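So you can see what is in the structure, the chains are spelled out below.
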Amino acid sequence: MTVQDQRLAEVQTPALLLDEAKMTRNIDRLAAHVGGKGVMLRPHLKTAKSTDVARRVLTDGTGPATVSTLAEAEVFAEMGVRDIIYAVGITPDKLGRVAALRDKGCDLSVLLDSVAQAQAVAEASARLGQAIPALIELDCDGHRSGVAPGDPVLVEIGRILHEGAAELRGVLTHAGESYEMTGRDVHRALAEVERAAAVGAAETLRAAGLPCPVVSIGSTPTAHAIEDLTGVTEVRAGVYVFFDLVQAGIGACQQDDIALSVLTTVIGHQQQKGWVITDAGWMAMSRDRGTAAHAVDQGYGVVCDEAGQPIPGLTVIKANQEHGIIAAREGYEGEVPDLPLGTRLRILPNHACATAAQYGAYHVIPSAPGAPLLTWPRFGGW
Ligand SMILES: Cc1ncc(COP(=O)(O)O)c(C=O)c1O
């Protein structure tokens, strides 16, 4: 029997399952929303970390794409992706790897938000004899790194790149704070903040006589909610391919859209405590407790039956390294089914990126009913 012939019942647990039909629906939904507004979608491949998933996300397999590590850039460039933004602040020691990928024909650009980084990119460009393209990161919502809107350092950085040997490619921002807020209307308002910050910075650069061809915005919640994309050249998002309980909790998707789950087996009980113990602890689910502050705390994950149907009232309330503890959530008074030793369950994850990172492969439940499982390898590292 080849791996391709595998059936769900034969997969050893814990294992990472990917529902291809849900994934495809998620991919198509955002592509239609952004594409319908005449703007390019630049998927972020940091959650996927898989060439099989990338082939389904990227329109023609050559890009555009966003990555969060140079390891991703290297794997996807090898696969044939030709247009990549490495969207984590660049450090001088990484520029050799950037240049090596560019030499191989991949248009890889870098991200920065300081004078020192701009000088390093300009110097490396001069030394290596190739203009490395750089985007200036903007902090649209106080979430993370980036130049604050209105900070004159924006133009200073732009000049160092443009008048040095580098290439000023544009501006980029990510509305990370949208993860902290709930509801489509709120996400739409945050998307407008994101858009206004990026378009405003692009106008500032252009008014200073500098080029700004790329105006890049995006996060999964804001990308789905955005209506007005005036002045924006591209939208980025990544977790939308899979979704997770955090996204469901903030209203960016329905629980039924979550394409990833962890297959687990019941390994014991503590009857008097009402606990069902499984082999999916935090090594299988990750330590992420992203829903802890939500209106509904989902513990370490929502419990479903082996077919993927949620079992009312049950979450993973505690996790040890290799033990997950399932129990009824606080206040739940409904019936809890008997889950004998050996019962197989699926757990929906809080954070798709963190849970998937624990696994070397996706076990893919194909869209075609009854078709054998597929195995799609994942990679890690930096
Ligand atoms: C720079 C950047 N762009 C886009 C994304 C994708 O956003 P999401 O994870 O909400 O899909 C991320 C995610 O962290 C990011 O850091």
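Treat the numbers as computed from the prediction; the structure is a model and nothing was measured.

What counts, and at which threshold
Residues numbered from 1 in each chain as written. Predicted model: local features only at pLDDT ≥ 70, side-chain atom pairs only at ≥ 80, totals over all residues. Heavy atoms only, no water. Helix = DSSP H or I, 4+ residues; strand = E, 2+ residues; numbered from the N terminus. Buried < 20%, exposed > 50% of the residue type's maximum accessible area, 1.4 Å probe, protein only. Contact = heavy atoms within 4.5 Å. Areas by Shrake-Rupley, 256 points an atom, 1.4 Å probe, with all protein chains shown as cover. Lys, Arg positive; Asp, Glu negative; His and termini not counted. Charge placed at Lys NZ, Arg CZ, Asp CG, Glu CD. Axes fitted to C-alpha atoms, helices over the stretch in contact; angles between N-to-C directions. Parallel < 35°, antiparallel > 145°, perpendicular 65-115°, else oblique. Left-handed = near helix turned anticlockwise from the far one by under 90°. Phe/Tyr/Trp six-rings, centres within 6.5 Å; stacked < 30°, edge-to-face > 60°. Lys NZ or Arg CZ within 6 Å of the ring centre and 35° of its normal. Expected span 1.5 Å × (residues − 1). Near = heavy atom within 4 Å. Polar contact = N/O pair within 3.5 Å; in protein donor to acceptor, adjacent residues only side chain to side chain. Nonpolar A, V, L, I, M, F, W, Y, C, P; charged D, E, K, R; others polar. Pairing = 2+ DSSP bridges. Domains from an automatic or database assignment. Buried area = accessible area lost by both parts, 1.4 Å probe. Salt bridge = Lys/Arg side-chain N within 4 Å of Asp/Glu carboxyl O. Disulfide = S-S within 2.5 Å.

Turning our attention to the overall build of the protein chain. The helix and strand tally for the protein chain stands at 11 helices and 17 strands. Projected onto its principal axes, the C-alpha coordinates of the protein chain cover approximately 70 × 45 × 35 Å. The buried share among the 382 residues of the protein chain stands at 54%. When contacts within the protein chain are restricted to residue pairs at least 6 apart in sequence, long-range pairs at least 24 apart make up 66% of them. Carbon and sulfur atoms provide 53% of the accessible area of the protein chain, an area that totals close to 15,500 Å². Put simply, the protein chain has 32 plus and 45 minus side-chain charges, and the middle of one group is 3 Å from the middle of the other.

In this section: the packing of helix α3 (residues 70-79) against helix α4 (residues 95-103). Where α3 meets α4, the axes come as close as 11 Å, and the angle between the chain directions of the two elements is 10°. Accordingly, the angle class assigned to the pair α3 and α4 is roughly parallel. Handedness of the crossing formed by α3 with α4: left-handed. From α3, L70, A71, A73, E74 and A77 reach across to α4, where they touch R97, V98 and L101.

It is worth spelling out the packing of aromatic side chains at this point. Scanning the model with the defined rule gives two aromatic pairs in all. Each ring, one from F242 and one from Y362, has its centre 5.9 Å from the other, and the planes form 10°; the classification is stacked. With F242 in the loop between β9 (234-237) and α9 (245-249) and Y362 in strand β16 (residues 361-365), the pair connects residues that are 120 residues apart, well separated along the chain. Both residues of the pair, F242 and Y362, belong to the buried class. Of note, K273 hangs over the ring of W275, and the distance from its end group to the ring centre comes to 4.3 Å. A cation sits over an aromatic face here: R289 above Y300, 5.6 Å from the ring centre.

Before going further, it helps to spend a moment on helix α5 (residues 115-128). Taking 1.5 Å as the rise per residue, α5 with 14 residues should run 20 Å; its terminal C-alpha atoms sit 20 Å apart, in good agreement. Considered for burial, the residues of α5 that qualify are Q117, A118, A120, V121, A122, A124 and S125. Close packing links the buried residues of α5 with β4 (83-89), α4, β5 (107-112), β6 (133-138) and α6 (153-163). Positioned one or two residues after α5, G129 has a phi angle of 70°, which is positive.

Below, the discussion takes up the site of the ligand. Around the ligand, the structure places 13 residues, and the nearest of them are R144, Y179, T220, G238 and V239. Here an oxygen atom of the ligand and a side-chain polar atom of T220 are 2.5 Å apart. Partitioning the shell around the ligand into residue classes produces four nonpolar, six polar and three charged.

A word on the side chain of T13. Within the fold, T13 resides in the segment before β1 (15-19). Within polar-contact distance, the side chain of T13 engages the side chain of T265 at 2.6 Å. Here D279 takes part through its side chain, which lies 2.5 Å from a polar atom of the side chain of T13. The residues touching T13, leaving out its near neighbours within four places in the chain, are L263, T264, T265, D279 and R344.

As a general point, the strands of a sheet are linked pairwise by backbone hydrogen bonds and lie either parallel or antiparallel. Here eight strands make up an open sheet; going across it, the order is β2-β9-β8-β7-β6-β5-β4-β3 and the pairing parallel. Edge positions in the sheet fall to β2 (40-43) and β3 (65-67), since each of these pairs with one other strand and no more. Put simply, the sheet's adjacent strands are angled 30° from each other on average, direction ignored. Judged from the three bridges that link them, β5 and β6 form a sheet pairing that is parallel. Of the residues in β6, the one forming a bridge with L111 is L135. Helix α1 (residues 20-35) rests against β2 and β9 of the sheet, and its axis sits at about 145° to β2. Packed on one face of the sheet, α3 meets β3, β4 and β5 and runs near 175° to β4.

Next up on the list: the domain arrangement of the protein chain. The domains assigned to the protein chain are domain 1 (37-241) and domain 2 (259-377). Of note, the centres of domain 1 and domain 2, computed from C-alpha atoms alone, are 35 Å apart. Of the residues lining the interface, 10 residues belong to domain 1; the matching set on domain 2 comes to seven residues. Note on domain 1 versus domain 2: buried area summed over both sides is about 680 Å², and carbon and sulfur give 64% of it. On inspection of domain 1 and its partner domain 2, the count reaches zero salt bridges. Taken together, the links from domain 1 to domain 2 amount to two residue pairs in polar contact (both at pLDDT 80 or more). Class assignment of the residues belonging to the side of domain 1 that touches domain 2 gives a composition of four nonpolar, two polar and four charged.

On to the state of the cysteines. Under the counting rule described, the total for this entry stands at zero disulfides. With no disulfide of its own, C304 has C253 as its nearest cysteine by sulfur position, at a separation of 13 Å. You can see C353 has no disulfide; the closest cysteine sulfur is in C253, sitting 13 Å from it.

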